[in-house]
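# Descriptive analysis of the structure
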Amino acid sequence: MPAVDSGSEKPQHSAAAAADDYALMAGIATRDSKSLVALYDRYSSLLYGVCLRILRDRADADELLIDLFWEFWDRSDRYDPARGSPLTYLLTVARSRALDRRRARPHRLADTNSESFAAAAQEDASSAPLASAVANEWNSRVLRALAELDQNEREAIELSFLDDLSHSEIAARLKKPLGTVKTYIRQGLIRLRRRLRNY
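Residues numbered from 1 in each chain as written. Predicted model: local features only at pLDDT ≥ 70, side-chain atom pairs only at ≥ 80, totals over all residues. Heavy atoms only, no water.

## Re the overall build of the protein
For the protein, the helix and strand inventory stands at nine helices and zero strands. Beginning at the N terminus, the succession of helices and strands in the protein can be written as α-α-α-α-α-α-α-α-α. For the protein, with 199 residues in total, the buried portion stands at 42%. Taking the contacts inside the protein whose residues are at least 6 apart along the sequence as the reference set, 72% of them involve residues at least 24 apart. Per element, the accessible surface of the protein, about 10,600 Å² overall, is 51% carbon and sulfur. (Helix = DSSP H or I, 4+ residues; strand = E, 2+ residues; numbered from the N terminus. Buried < 20%, exposed > 50% of the residue type's maximum accessible area, 1.4 Å probe, protein only. Contact = heavy atoms within 4.5 Å. Areas by Shrake-Rupley, 256 points an atom, 1.4 Å probe, with all protein chains shown as cover.)

Structure representation (C-alpha cells):
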C-alpha cells in the first residue's frame, strides 16, 4: 500500500465530497495512489471506529485498518458502483473483515452497547492521526439516529449488525420471542434509514 502523506489536503465537508467518492474509487482502480490517500484521509477515522467497536482492541483495529486499505487498493476491481455507494462498500467490507477477525479470536470478545460505541468513536476522533471531519459527522449522525430509536429496536440492531448474533441468539439474549426480535430489527432499520435520510 502506498505511503499515506499526513500533509494531504483535508477532506471536503459537503455533498460534493460524497459524489467525489466515485471518482476516488475509479482513480484507485487505475492505480492512482493520490486517490487512495484521499480516500484514507476521508474515511480512515470512520472505518477505524467500526473496527474498534467490533474488535474492542486498539492494536487489532490498527492492524485491520491497514489491511482494509491495502485490500481497497489491491482488489479495487471488487467495487461495483452499480451495487452501492463507495461509503456503503467501505463500511460493509470493514464490518465483514472485523467480524471475521473477531471470530478468530473469541477470547477477546467483550460486552458492548451504545455507550461503548460512542466512547470508541470519540476516543478515535481525538487520537487518529488523520481524523476526518466527514467521518466524525457521520459517526455523530449514526449515534444520534440510534439513540432516537426505541430501546428494544436499538439493542436488537446492535446485537445483529455489530455483534453478529443470529435472530435466535438475540431472542435468547433479550429474552423475547423470535418473531418480536425480527419485528424490532425490521422496524428499527426502517426508522434508522428514515432518520439518516433526514440528516
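On we go from here.
## Here's the deal with the packing of aromatic side chains
Tallied over the full model, the rule gives four aromatic pairs. Judged by centre distance (5.3 Å) and plane angle (85°), the rings of F69 and F72 are edge-to-face. Of this pair, F69 and F72 both sit in helix α3 (residues 58–74), three residues apart, which is roughly one turn of the helix. Chaining the aromatic ring pairs together yields one cluster made of Y40, F69, F72, Y79 and Y89. Here the basic side chain of R31 rests over the ring of W73, its NZ or CZ set 4.3 Å away from the ring centre. (Phe/Tyr/Trp six-rings, centres within 6.5 Å; stacked < 30°, edge-to-face > 60°. Lys NZ or Arg CZ within 6 Å of the ring centre and 35° of its normal.)

## Considerations on the nonpolar core
Core analysis: the biggest nonpolar cluster contains 30 residues, and L39, L47, F69 and F72 have the highest contact counts within it. Element by element, the count of residues in this core is highest for helix α2 (residues 33–55), at 12 residues. Core analysis: the next-biggest nonpolar cluster, separate from the first, contains nine residues, A156, L159, I170 and A171 among them. (Core = buried A, V, L, I, M, F, W, Y, C linked by side-chain atoms within 4.5 Å.)

## Describing the packing of α2 against helix α4 (residues 86–104)
Orientation of α2 relative to α4, taken along the N-to-C sense of each, is 35°, at an axis distance of 9 Å. For the element pair α2 and α4, the recorded crossing hand is right-handed. Within the contact between the two elements, α2 uses L39, Y43, L46, L47, V50, C51, I54 and L55 and α4 uses L87, L90, L91, A94, R95, A98, L99, R101 and R102. (Axes fitted to C-alpha atoms, helices over the stretch in contact; angles between N-to-C directions. Left-handed = near helix turned anticlockwise from the far one by under 90°.)

## A look at α3
The first and last C-alpha atoms of α3 sit 24 Å apart over 17 residues, in line with the 24 Å expected at 1.5 Å per residue. All buried positions along α3 are accounted for by D60, A61, L64, L65, L68, F69, E71, F72 and W73. The opening residue of α3 is D57, an N-cap whose side-chain oxygen sits 3.1 Å from the backbone nitrogen of A59. (Expected span 1.5 Å × (residues − 1). Polar contact = N/O pair within 3.5 Å; in protein donor to acceptor, adjacent residues only side chain to side chain.)

## Looking at the confidence of the model for the protein
Averaged over the protein, the pLDDT score is 76; the fraction of residues at 70 or greater is 71%. Counted against residues more than four places away or in other chains, residues 1–14, with its pLDDT under 50, gives 27 contacts. (pLDDT = per-residue confidence, 0-100.)

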